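Given next are the chains, with one letter for each unit.
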Protein chains: 6
Amino acid sequence: MTDGKRADGRLPLQLRDIAFEVGFQPQPHGSVLISWGETRVLCSATVENRVPYFMQGKGSGWITAEYDMLPGSGNRRVRRDRGSLIKGRTQEIQRLVGRSLRQCVNLERLGEKQITIDCDVLVADGGTRVASVTGGAVALRLALLRLIADGALTQDPWRCWVAGVSLGISSGVVLLDLCYEEDSSAGLDMNLVAASDGRIIEFQATAEGEPASLDTLNDMARLALKAVTEEVIPLQEEVVEG
Amino acid sequence: MTDGKRADGRLPLQLRDIAFEVGFQPQPHGSVLISWGETRVLCSATVENRVPYFMQGKGSGWITAEYDMLPGSGNRRVRRDRGSLIKGRTQEIQRLVGRSLRQCVNLERLGEKQITIDCDVLVADGGTRVASVTGGAVALRLALLRLIADGALTQDPWRCWVAGVSLGISSGVVLLDLCYEEDSSAGLDMNLVAASDGRIIEFQATAEGEPASLDTLNDMARLALKAVTEEVIPLQEEVVEG
Amino acid sequence: MTDGKRADGRLPLQLRDIAFEVGFQPQPHGSVLISWGETRVLCSATVENRVPYFMQGKGSGWITAEYDMLPGSGNRRVRRDRGSLIKGRTQEIQRLVGRSLRQCVNLERLGEKQITIDCDVLVADGGTRVASVTGGAVALRLALLRLIADGALTQDPWRCWVAGVSLGISSGVVLLDLCYEEDSSAGLDMNLVAASDGRIIEFQATAEGEPASLDTLNDMARLALKAVTEEVIPLQEEVVEG
Amino acid sequence: MTDGKRADGRLPLQLRDIAFEVGFQPQPHGSVLISWGETRVLCSATVENRVPYFMQGKGSGWITAEYDMLPGSGNRRVRRDRGSLIKGRTQEIQRLVGRSLRQCVNLERLGEKQITIDCDVLVADGGTRVASVTGGAVALRLALLRLIADGALTQDPWRCWVAGVSLGISSGVVLLDLCYEEDSSAGLDMNLVAASDGRIIEFQATAEGEPASLDTLNDMARLALKAVTEEVIPLQEEVVEG
Amino acid sequence: MTDGKRADGRLPLQLRDIAFEVGFQPQPHGSVLISWGETRVLCSATVENRVPYFMQGKGSGWITAEYDMLPGSGNRRVRRDRGSLIKGRTQEIQRLVGRSLRQCVNLERLGEKQITIDCDVLVADGGTRVASVTGGAVALRLALLRLIADGALTQDPWRCWVAGVSLGISSGVVLLDLCYEEDSSAGLDMNLVAASDGRIIEFQATAEGEPASLDTLNDMARLALKAVTEEVIPLQEEVVEG
Amino acid sequence: MTDGKRADGRLPLQLRDIAFEVGFQPQPHGSVLISWGETRVLCSATVENRVPYFMQGKGSGWITAEYDMLPGSGNRRVRRDRGSLIKGRTQEIQRLVGRSLRQCVNLERLGEKQITIDCDVLVADGGTRVASVTGGAVALRLALLRLIADGALTQDPWRCWVAGVSLGISSGVVLLDLCYEEDSSAGLDMNLVAASDGRIIEFQATAEGEPASLDTLNDMARLALKAVTEEVIPLQEEVVEG
């Protein structure tokens with residue numbers, strides 16, 4: 001990287017290619033396979049006419065997410081979370097995805113429905129949590145459009161698109177959209193999720209290696225925000241609205 | 001079906017289209033996405049240089065399988081087996097897949113290695129257990145070829161191809177390769193797994209609805225065996241050996 | 001076995017002695033201790049006035065089974081399935097028993113009742129799954145007769161007796177009703193469950209060792225069917241009907 | 001009970017009949033089916049040449065117990081402890097049985113062996129915990145005699161017989177050896193486990209209903225101790241030593 | 001101890017200092033931190049307007065208890081009971097605490113309410129189960145007084161104070177109120193729980209080491225009873241009633 | 001809050017009182033009870049001479065954290081995570097605490113030791129995760145000082161103090177150090193963990209309600225950083241170094 005080039009030839013602030021295969025699963029209300037570089041996450045949105053107990057009787061809906069990795073998705077086999085504890089990382093990610101996607105929708109307009117967003121990582125090459133948010137938002141939008149088309153919703157509860165990117169510092173250089181190899185060696189990890197109007201929904205910076213100053217974090221956040229709003233969200237809009 | 005045609009236009013003894021996408025997951029030793037009609041199962045084979053405790057010190061290898069359905073794979077959301085019991089159907093299927101695939105390989109020649117075949121159903125439209133056996137055998141073959149290419153195996157432990165088909169009786173008619181809708185209404189279900197030389201590895205017939213005579217079962221088994229050896233196994237050979 | 005005799009002196013197609021001790025447990029609606037050679041399985045049938053959620057509101061009943069082995073039943077201590085996964089083999093067997101016994105009864109005539117058949121293996125010496133089906137059917141019949149006697153059922157929902165036998169191929173010889181030692185060394189295992197009219201309810205053939213041709217399987221199935229209908233089912237009838 | 005007679009005709013301080021069927025399970029080192037009135041508990045003793053981690057390297061053995069009730073043992077079906085918490089009552093009883101039976105044996109003389117006593121209640125009609133202690137001691141003695149006969153033990157580690165009885169106060173009357181119906185209505189429950197020399201190993205008195213004075217407890221304990229040493233332990237000795 | 005003094009200078013029948021810090025947790029209906037020597041147990045009582053299923057529709061309330069040890073409470077880190085079995089000792093203790101505290105209250109007068117007593121050991125230095133009973137009774141009394149003050153109870157369901165002490169025999173000497181070090185070396189352990197009128201609610205004597213005669217147990221019980229009624233219960237009364 | 005005052009009379013950017021009670025638990029290597037306003041978290045640090053499997057053979061140590069809430073800590077009873085899944089929020093917090101505290105220490109200098117930081121919330125009134133980080137760092141420092149005093153460490157692996165604060169936006173006003181009531185109604189939640197030199201270790205901003213602009217987040221982060229470095233960390237230093 002002495003010449004500023006990354007392992008896969010990208011520039012430091014260049015995103016990998018992002019593509020969406022809509023309707024990969026025919027049964028759920030919304031389904032999309034998002035490919036983000038080598039990373040591939042199958043996202044589905046299933047609608048049920050009930051809400052969890054803590055939302056009952058409020059006339060409002062709920063959106064929740066589950067995340068998992070297939071055993072063959074990574075560079076060593078990932079054990080299934082069967083009959084035992086859910087991995088802490090899994091819980092952390094699915095809570096992040098759920099919180100992020102609840103920002104897409106006016107839950108009161110949704111009415112007493114629960115939408116579950118399932119994000120299953122088929123191939124993991126870094127950035128699975130932001131790919132899950134980004135693909136999950138598309139699955140969610142597709143499910144809502146189907147509810148509207150079916151007459152199950154009379155007004156559109158959609159508020160805004162939500163997407164995310166990851167970035168990090170590796171050997172002193174800020175890199176946007178880390179692949180797995182870069183992520184493993186980064187001293188500082190950041191994930192930023194934002195809405196289409198540029199407001200921040202989730203911002204997580206974690207120093208397993210080297211902490212950074214607040215100024216550095218702020219500069220990085222600005223780069224991330226620009227990538228989300230100018231590059232990622234337009235792709236979401238395009239795939240759904242054509 | 002009054003005219004002998006099925007919902008999707010097939011004849012009673014006609015298989016759906018079967019296709020293989022090799023290398024869908026880049027990391028495992030072997031990986032294939034099998035499409036069998038609408039059903040899609042992602043199969044991977046991961047090799048580890050250890051065997052389970054009951055095989056230790058025997059100089060022999062082991063092959064095991066895990067099976068699961070993604071939440072969005074079916075016509076209602078499938079709950080994940082987290083922190084709770086594994087569903088009985090899941091266990092039954094993954095044991096069938098493991099036993100079947102152990103017939104493909106001379107375990108002594110494999111040496112003290114364990115190969116885990118993961119079969120994850122992305123889309124379920126009937127026949128997921130035989131699609132798992134059939135795709136799993138391809139993933140297993142690919143993994144062995146890679147071990148041979150890498151020099152980790154000096155002789156090929158492969159014995160034979162193994163594949164399966166399902167069939168059933170619906171309204172008195174024998175139907176080969178049931179889709180989900182046909183499977184739900186069938187009174188008798190059969191799964192047959194065979195080797196390329198025509199010998200039977202697994203034969204399971206179950207009457208949830210109407211039991212059948214032994215002669216009927218025998219006739220059906222003959223049809224299934226012919227489909228496995230003349231139609232399915234040649235496709236496996238073709239995808240691996242070109 | 002060079003002289004055609006087996007370890008315990010039986011001929012290849014000879015069943016072990018089968019005996020029933022009715023009412024071993026005084027509390028359940030039906031209870032029987034079946035002794036099948038050395039194997040002993042305690043079977044009980046408990047009736048509840050509710051059905052599982054997937055059967056509610058259909059006006060129909062349900063029959064389910066649970067199977068387990070006592071720690072001291074085998075030649076090494078069997079660990080209890082406590083606070084952990086149920087063993088796959090256990091699940092496979094209890095599903096087989098449940099499916100088989102549902103064929104004994106017209107579930108609509110049963111009405112909204114659930115009958116649970118518990119099969120607990122006190123001593124295991126081969127053939128525990130077919131002993132469970134055979135003893136479970138007796139416990140089920142006893143429970144129904146008690147419901148009729150108590151006036152809780154006004155018409156008899158009984159359809160037919162159901163029983164099973166196991167068989168296998170060991171050193172090229174077909175052996176009926178394998179004891180544990182024979183079962184461990186058999187290359188091919190078969191379990192057949194049939195109704196009193198000779199129709200097949202479950203037929204499972206599994207080759208852990210050597211696969212067999214379809215003709216061989218067919219010949220074996222005929223022997224098994226004859227043993228079930230001419231030897232085992234008459235014993236069930238005798239114990240209940242006197 | 002106005003005439004001092006109990007439901008089954010016994011006098012207040014009369015024990016039910018106790019019988020032992022030795023060798024009910026052929027495989028474990030020791031096995032006995034104890035019948036205590038209607039209550040029947042299958043007890044087995046399995047020897048392993050290892051000790052739990054907290055006993056390793058001390059040159060001493062260990063004795064532990066597990067207790068469970070079969071689903072059909074009681075007057076309503078007992079759910080299995082699968083994939084969930086072990087019931088608190090079960091844990092309480094198996095700890096009591098283990099502690100009691102460790103008093104039978106000089107653990108240092110046993111050497112680095114673990115003996116597991118499994119007590120499975122086939123029929124429950126009160127007093128299952130003391131029947132488990134009493135039958136478990138017989139299974140344990142049988143296992144030790146077999147180890148001695150096999151030459152696996154060169155000196156006998158046996159210290160003394162241990163047995164128990166239950167008693168309670170019902171409608172102001174002290175009753176020895178309560179059956180289920182009496183136990184349910186008793187205001188105070190007592191279980192006493194003693195050694196053949198009359199020393200107390202476990203003494204538990206519990207008032208779910210009406211507490212009692214210390215003098216009353218003391219009187220009851222004397223009755224219980226007499227029953228254990230003069231009636232129950234002689235039966236244990238007789239069944240083993242003939 | 002040759003001079004009759006114990007490690008901490010106490011006489012054999014001398015209790016450690018007992019103190020109560022009321023209201024340690026502001027939210028539960030009742031809360032107290034009991035310090036008993038070095039042992040510290042945080043007890044809370046939470047009231048819910050529902051009863052467990054086995055008490056429903058009886059117009060009566062229920063009291064239950066949970067017990068746990070914090071990881072840093074003992075001389076080696078205590079593992080949390082997460083996603084796994086609850087330790088048997090934990091279950092045994094929380095059942096003892098629940099049974100004991102149900103004696104404090106007339107459950108019919110309580111009405112259809114459940115009170116959960118949580119006893120969490122912050123520091124363990126012996127006697128945590130009797131400290132839990134003693135502190136739990138204070139938390140329970142505080143909760144009831146608050147329900148009365150709030151008008152949620154119109155008559156006081158309180159019956160009597162309940163408290164406990166432990167004692168043991170170490171090197172032939174009876175010691176009251178064992179600290180951890182003494183408890184570890186004691187051959188016989190006793191816990192006695194009694195009501196203010198001197199009646200016995202729970203009496204448990206366990207010989208892990210040396211059994212004792214009934215006369216010895218009786219003498220010990222008298223000492224324990226005197227300590228409970230003359231020393232411990234007056235402290236409970238004082239802290240609540242001032 | 002129209003006059004800029006908060007429920008408890010604090011100014012918007014005013015911290016609550018923070019106090020440390022060192023040595024609350026006598027047994028662990030380090031122990032402290034941190035009181036942060038009404039919130040009280042008991043933190044302990046336990047040292048073991050082993051590392052988790054993924055760190056073995058690297059000559060380096062490890063620091064991990066566990067977090068839990070006592071049942072009576074909050075305004076409704078918190079259920080224990082027994083025999084079931086660990087709550088997602090719990091996992092998220094304990095991972096945050098562990099990552100934060102690993103920054104305090106040079107793990108290579110620590111050598112092959114694992115230090116477990118247990119953070120148990122006795123009273124929850126907002127800010128429990130930053131109180132856990134802040135108190136956990138003190139417990140960790142105490143444990144290291146004890147290892148040095150005992151000669152178990154020959155050089156001090158300490159790198160820097162680490163602490164955190166929470167803040168949020170409620171009704172458009174930025175509030176530092178939210179109590180529970182404020183936290184429940186805040187539209188945006190932020191937690192910042194920093195080292196004594198002002199570098200950021202964890203920065204998490206989450207909009208359950210109203211997202212905020214990047215400029216707002218940046219301003220808030222500056223306030224939080226100032227509070228951590230100028231107010232919280234000096235208190236940590238004072239309590240340990242006196």
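Residues numbered from 1 in each chain as written. Chains lettered and ligands numbered in written order. Predicted model: local features only at pLDDT ≥ 70, side-chain atom pairs only at ≥ 80, totals over all residues. Heavy atoms only, no water.

Chemist: Looking at this model, I keep getting lost on the overall build of chain A. Mind explaining?
Modeler: Broken down by element type, chain A carries five helices and nine strands. The order of helices and strands in chain A, counted from the N terminus, is β-β-β-β-α-α-β-α-β-β-α-β-β-α. Taking the principal axes of its C-alpha atoms as reference, chain A extends roughly 60 × 40 × 30 Å. Considering chain A as a whole, with its 242 residues, one finds that 62% of them fall into the buried category. Across chain A, contacts joining residues at least 24 apart in sequence account for 69% of those joining residues at least 6 apart. Accessible surface computed for chain A: about 9100 Å², of which carbon and sulfur atoms make up 46%. (Helix = DSSP H or I, 4+ residues; strand = E, 2+ residues; numbered from the N terminus. Buried < 20%, exposed > 50% of the residue type's maximum accessible area, 1.4 Å probe, protein only. Contact = heavy atoms within 4.5 Å. Areas by Shrake-Rupley, 256 points an atom, 1.4 Å probe, with all protein chains shown as cover.)

Chemist: How do you make sense of the pairing of strand β9 (residues 200-206) of chain C when you look at a structure like this?
Modeler: Consecutive side chains along a regular strand alternate between the two faces of the sheet. Among the seven residues of β9(C), seven are classified as buried, and the element is accordingly described as predominantly covered. The pairing of strand β9 (residues 200-206) of chain B with β9(C) spans five bridges and is classified as antiparallel. Directly across from B:Phe203, in β9(C), lies its bridge partner C:Ala205. Judged from the six bridges that link them, strand β8 (residues 188-195) of chain C and β9(C) form a sheet pairing that is antiparallel. Counterpart to C:Val193 in the pairing with β9(C) is C:Glu202. (Pairing = 2+ DSSP bridges.)

Chemist: I keep staring at the side chain of B:Gln94 and nothing clicks. Help me out?
Modeler: Inspection of the secondary structure assignment puts B:Gln94 in helix α1 (residues 88-102). For B:Gln94, the side chain forms a polar contact with the main-chain nitrogen of B:Tyr67, separated by 2.9 Å. (Polar contact = N/O pair within 3.5 Å; in protein donor to acceptor, adjacent residues only side chain to side chain.)

Chemist: Looking at this structure, how should I read the sheet that holds strand β9 (residues 200-206) of chain F?
Modeler: The strands making up a sheet are joined through hydrogen bonds of the backbone, oriented either antiparallel or parallel. Strand order in the open sheet made by the eight strands is β7(A)-β6(A)-β8(A)-β9(A)-β9(F)-β8(F)-β6(F)-β7(F), with antiparallel pairing throughout. Across the chains shown, the open sheet's two edge strands, defined by having one partner strand only, are β7 (173-176) of chain A together with β7 (173-176) of chain F. Across this sheet, the average inter-strand angle for adjacent strands is 15°, counted without regard to direction. Set on the sheet, helix α1 (residues 88-102) of chain A makes contact with β6 (162-170), β8 (188-195) and β9 (200-206) of chain A together with β9 of chain F; between it and β9(A) the angle comes to about 155°. On the sheet, helix α5 (residues 214-241) of chain A packs against β6, β7, β8 and β9 of chain A together with β9 of chain F and is oriented at approximately 140° with respect to β6(A). (Axes fitted to C-alpha atoms, helices over the stretch in contact; angles between N-to-C directions.)

Chemist: Just checking my understanding: could you explain the packing of helix α1 (residues 88-102) of chain F against helix α3 (residues 128-149) of chain F for this structure?
Modeler: To describe two helices that pack against each other, one gives the angle between their axes and the distance between the axes. Residues and elements named next belong to chain F. Interhelical geometry of α1 versus α3 gives an angle of 40° and a closest axis separation of 10 Å. Taken together, the axes of α1 and α3 lie oblique to each other. Along this stretch, α1 crosses α3, giving a crossing that reads as right-handed. Note on element contacts: α3 touches α1 through Thr128, Arg129, Ser132, Val133, Gly136, Ala137 and Leu140, opposite Arg89, Glu92, Ile93, Leu96, Val97, Ser100 and Leu101. A class-by-class count of the residues in the contact of α1 with α3 yields seven nonpolar, four polar and three charged. (Parallel < 35°, antiparallel > 145°, perpendicular 65-115°, else oblique. Left-handed = near helix turned anticlockwise from the far one by under 90°. Nonpolar A, V, L, I, M, F, W, Y, C, P; charged D, E, K, R; others polar.)

Chemist: Before we go on, may I ask you to explain the confidence of the model for chain A in this structure?
Modeler: Reading predicted coordinates in detail is not appropriate for stretches of low pLDDT. Looking at chain A as a whole, its pLDDT mean stands at 93, while 97% of the residues score no less than 70. Interface confidence in the predicted complex, given as ipTM, is 0.93; pTM for the same model is 0.91. (pLDDT = per-residue confidence, 0-100.)

Chemist: What is the right way to read the interface of chain F and chain A from this model?
Modeler: Reports of interface size often rely on the accessible area that becomes lost once the parts have come together. Between chain F and chain A, the contact holds 34 residues from the first and 34 residues from the second. With both chains or domains summed, chain F and chain A bury close to 3300 Å², and 47% of this area falls on carbon and sulfur atoms. At the surface where chain F touches chain A, the tally comes to 10 salt bridges. Of the charged contacts in the structure, one is a salt bridge between F:Glu92 and A:Arg95, with a shortest N-O distance of 2.8 Å. Our enumeration of links across chain F and chain A arrives at 26 residue pairs in polar contact (both at pLDDT 80 or more). Those elements giving two or more residues to the side of chain F that touches chain A turn out to be α1, β9 and α5 (214-241) of chain F. (Buried area = accessible area lost by both parts, 1.4 Å probe. Salt bridge = Lys/Arg side-chain N within 4 Å of Asp/Glu carboxyl O.)

Chemist: I'm lost on the relation of the copies chain F and chain A in this one. Help?
Modeler: Each copy of the sequence occupies a distinct position, and chain F is placed on chain A by a rotation of 180° and an axial shift of 0.0 Å, giving an RMSD of 0.0 Å. In short, the pair behaves as if placed about a two-fold rotation axis. Closest to the rotation axis within chain F is the C-alpha of F:Gln204, separated from it by 2.2 Å. (Least-squares fit on C-alpha atoms with pLDDT ≥ 70 in both.)

Chemist: I tried to follow the arrangement of the chains on my own but got confused; where do I start?
Modeler: Across all C-alpha pairs, the smallest distance from chain A to chain D is 8 Å, and the two are not in contact. Separated without contact, chain B and chain E have their nearest C-alpha atoms at a distance of 8 Å.

Chemist: I would appreciate a short explanation of the packing of aromatic side chains in the present structure.
Modeler: Each aromatic ring pair is described using two quantities: the centre-to-centre distance and the angle formed by the ring planes. Inspection of every chain in the model, using the stated rule, returns 21 aromatic pairs over all chains. Relative to D:Trp62, the ring of D:Phe54 has its centre 5.2 Å away and its plane inclined at 90°; by these criteria the two rings are edge-to-face. Pairing E:Trp158 with E:Trp161 gives two aromatic rings, centres 4.9 Å apart and planes at 70°, and the pair type is edge-to-face. Judged by relative accessible area, which is 3%, E:Trp161 ranks as buried. Taken together, the aromatic side chains of A:Tyr53, A:Phe54 and A:Trp62 make up a single cluster linked through ring pairs. (Phe/Tyr/Trp six-rings, centres within 6.5 Å; stacked < 30°, edge-to-face > 60°.)

Chemist: Hey, could you run me through the sheet that holds strand β8 (residues 188-195) of chain D in this one?
Modeler: Spatially, eight strands are ordered β7(D)-β6(D)-β8(D)-β9(D)-β9(E)-β8(E)-β6(E)-β7(E) in an open sheet, and the strand pairing comes out antiparallel. If you trace the sheet from one side to the other, it starts and ends with β7 (173-176) of chain D together with β7 (173-176) of chain E, each paired once. Shown here is a sheet whose adjacent strand axes are inclined to one another by a mean of 15°, direction ignored. Of the strand pairs in this sheet, strand β6 (residues 162-170) of chain E and strand β8 (residues 188-195) of chain E are connected by eight bridges, and their pairing is antiparallel. Within the sheet, the bridge partner assigned to E:Val162 lies in β8(E) and is E:Ala195.

Chemist: Looking at this structure, I do not really get unusual backbone geometry. What am I missing?
Modeler: Residues other than glycine predominantly adopt negative phi, and peptide bonds predominantly adopt the trans conformation. Positive phi is not limited to glycine here, since C:Asp177 has a value of about 60°. Along the chain, C:Asp177 falls in the loop between β7 (173-176) and α4 (180-185).

Chemist: In this structure, what is going on with the pattern of salt bridges? I would like to understand it.
Modeler: Side chains bearing opposite charge may pair, as long as their charged atoms lie close to each other. Enumeration over the complete set of coordinates arrives at 144 salt bridges over all chains. Between F:Arg50 and F:Glu48 there is a salt bridge, with the nearest N and O atoms lying 3.4 Å from each other. With a relative accessible area of 43%, F:Arg50 lands in the partly exposed category. Sharing partners across several salt bridges, the network here consists of A:Arg6, A:Asp8, A:Arg10, A:Arg16, A:Asp125, A:Asp177 and A:Glu182.

Chemist: What exactly am I supposed to notice about the side chain of B:Thr206 here?
Modeler: Among the secondary structure elements, B:Thr206 is positioned in strand β9. A relative accessible area of 14% means that B:Thr206 is categorised as buried. Within the structure, B:Thr206 has its side chain in polar contact with the side chain of C:Glu202 (distance 3.1 Å). Excluding anything up to four places from it in sequence, B:Thr206 contacts B:Gly187, B:Leu188, B:Asp189, C:Arg99, C:Ile201 and C:Glu202.

Chemist: Even after reading the chapter, I still don't get the packing of helix α3 (residues 128-149) of chain C against helix α5 (residues 214-241) of chain C, so can you show me in this structure?
Modeler: All names here are of chain C. In contact at an axis separation of 10 Å, α3 and α5 are set at 30° when each is read in the N-to-C sense. As summarised for this structure, α3 and α5 are arranged roughly parallel, according to the angle between their axes. As for the relative orientation of α3 and α5, their crossing is right-handed in sense. For the pair α3 and α5, contact is made by Thr134, Ala137, Val138, Arg141, Leu142 and Leu145 and by Val232, Gln236, Val239 and Val240, respectively.

Chemist: Just to check I follow, could you spell out the pairing of strand β4 (residues 62-69) of chain C for this structure?
Modeler: Residues and elements named next belong to chain C. The element β4 is extensively covered by neighbouring structure, given that six of its eight residues are classed as buried. Bridge count between β4 and strand β5 (residues 114-123): eight bridges; the pairing is parallel. In the strand pairing of β5, Thr64 is matched with Thr116.

Chemist: It is not clear to me how the environment of B:Glu21 should be interpreted in this structure. Could you clarify?
Modeler: All names here are of chain B. Along the polypeptide, Glu21 turns up in strand β1 (residues 18-22). You can call Glu21 partly exposed: its relative accessible area is 37%. Note: C-alpha distance between Glu21 and Val174 (153 residues apart in sequence) is 30 Å.

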